[in-house]
Amino acid sequence: MTVALEQEADLARQRARKSSFYRAMAILPREKRDAMFEIYSFCRAVDDIADEGGDKATKKAGLEAWRRAIDALYRGEATGLAAGLAEPLRHFCFTREDFLAVIDGMEMDVDADIVAPDAATLDLYCDRVASAVGRLSVRVFGLPEKEGIALAFHLGRALQLPNILRDIDEDAGIGRLYLPRENLELAGIADPTPQKVAAMEDLDAVCRPLLREAKAHFDKADALMAQRPRDEIRAPKIMSLAYGAIWRRLDARGFRKPRERIGTPKIALIGAVLRYGFF
């Protein structure tokens, strides 16, 4: 199984190099860019296990192998699945708990397909799969501890909530529904299932509150970044601008059928890189 996981991790690294995220990180100095690549490759690898790793037992075993690899990494054993993180760890002093939080977030998808979680569970999921990644990243960017954790809290949620809102129909296809139960109940939707909700003609009443919540997190993240030197916030600002473009397209499109797929606008990403990629 270890060999198979290492092969899957290598594939995740290859996909990571082709992602818009990696292109955005290309503006960083080499040491920081390499560290971000390793963080993102780790995230892709454990995400692939949760989404594509076979049956439940196989997925849980794969995630547990990554937990053991992270534990070994922090014991100074720079081999196996987490070997690529050894050098970045020496330079940026990542917190072990943040790596494990990402794995725990992926395991939430494995334990049972998430269907209409309550708001607290959804927020915990966002913290694990997005803000924990942010807490790792801000150490690379060089933000002070307090400000970095606050930025990770808000920007992680600002990026994850639009992902949830644009992937409603795609998630329903794999039996998942991340829209919060409270929003569904307020809209009069009882006993929600992914297929039932995705088939509805108009989800505006359910989704608009989540869209407003994302906007509040964007605003708080932007306010935090406005107080920091430009070299500390170039990379997170690029991601904020790119996902802000997704937010605006969701806001303009709404949530009535047909809900056409919204990708990462390449022009917005290029514009953000041009604006913040250079001193």
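A. Region of interest: the overall build of the protein chain. Within the protein chain one finds 14 helices and zero strands. In the protein chain, the succession of α and β elements from N to C terminus is α-α-α-α-α-α-α-α-α-α-α-α-α-α. Counting only residues that meet the buried cut, the protein chain has 53% of its 279 residues in that class. A separation of at least 24 residues holds for 72% of the contacts in the protein chain among residues at least 6 apart in sequence. Put simply, the protein chain shows about 12,900 Å² of open surface, and 54% of that area lies on carbon and sulfur atoms.

B. Spatial organisation of unusual backbone geometry. With an omega of 0 degrees, the peptide bond running from Lys-257 to Pro-258 counts as cis. Relative to the helices and strands, Pro-258 is located in the loop between helix H13 (230-253) and helix H14 (266-276). Positive phi, normally seen in glycine, also occurs at Ala-116, with a value near 50 degrees. Its location among the elements puts Ala-116 in the loop between helix H6 (96-111) and helix H7 (119-141).

C. Layout of the pattern of salt bridges. Following the criterion strictly, the structure yields 27 salt bridges and no others. With a closest N to O distance of 3.0 Å, Asp-204 and Arg-208 form a salt bridge. With Asp-204 and Arg-208 both in helix H12 (residues 204-226) and four residues apart, the pair spans about one turn of that helix. Notably, a salt bridge pairs Asp-222 with Lys-237, separated by 3.3 Å at the nearest N-O pair. Highlighted residues: Asp-222 in helix H12 and Lys-237 in helix H13, separated in sequence by 15 residues. The network of salt bridges with shared partners includes Lys-60, Glu-64, Arg-67, Asp-104, Glu-107 and Asp-111.

D. Up close: helix H8 (residues 145-166). If you check H8, its first and last C-alpha atoms are 32 Å apart, about what 22 residues at 1.5 Å a residue would give, namely 32 Å. Among the 22 residues in H8, 16 count as buried, and that is most of the element.

E. Quick look at the confidence of the model for the protein chain. When pLDDT is averaged along the protein chain, the result is 89, and 86% of the positions lie at 70 or above. Put simply, H14 is where the protein chain has its lowest mean pLDDT, 48, and H12 is where it has its highest, 98. Here residues 272-279 scores under 50 on pLDDT; set against residues more than four positions off or in separate chains, the count is 20 contacts.

F. Representation of helix H4 (residues 56-74) within the structure. In this model H4 runs 27 Å from its N-terminal to its C-terminal C-alpha over 19 residues, within 8% of the 27 Å that 1.5 Å per residue would give. Those residues of H4 that fall on the buried side of the exposure criterion are Lys-59, Gly-62, Leu-63, Ala-65, Trp-66, Arg-67, Ala-69, Ile-70, Ala-72 and Leu-73. Following H4 by one or two positions, Gly-76 has its phi on the positive side, about 90 degrees.

G. Expanded view of the packing of H12 against H13. Where H12 contacts H13, the axes come no closer than 11 Å and their chain directions differ by 155 degrees. Between H12 and H13, the angle falls in the class roughly antiparallel. Here H12 runs over H13; the crossing is left-handed. Residues Arg-208, Leu-211, Ala-214, Lys-215, Phe-218, Asp-222 and Met-225 of H12 lie in contact with H13, whose contacting residues are Ile-233, Pro-236, Lys-237, Ser-240, Tyr-243, Gly-244, Trp-247, Leu-250 and Asp-251. Its residues assigned to classes, the contact of H12 with H13 shows nine nonpolar, two polar and five charged.

What counts as what
- Residues numbered from 1 in each chain as written.
- Predicted model: local features only at pLDDT ≥ 70, side-chain atom pairs only at ≥ 80, totals over all residues.
- Heavy atoms only, no water.
- Helix = DSSP H or I, 4+ residues; strand = E, 2+ residues; numbered from the N terminus.
- Buried < 20%, exposed > 50% of the residue type's maximum accessible area, 1.4 Å probe, protein only.
- Contact = heavy atoms within 4.5 Å.
- Areas by Shrake-Rupley, 256 points an atom, 1.4 Å probe, with all protein chains shown as cover.
- Salt bridge = Lys/Arg side-chain N within 4 Å of Asp/Glu carboxyl O.
- Expected span 1.5 Å × (residues − 1).
- pLDDT = per-residue confidence, 0-100.
- Axes fitted to C-alpha atoms, helices over the stretch in contact; angles between N-to-C directions.
- Parallel < 35°, antiparallel > 145°, perpendicular 65-115°, else oblique.
- Left-handed = near helix turned anticlockwise from the far one by under 90°.
- Nonpolar A, V, L, I, M, F, W, Y, C, P; charged D, E, K, R; others polar.

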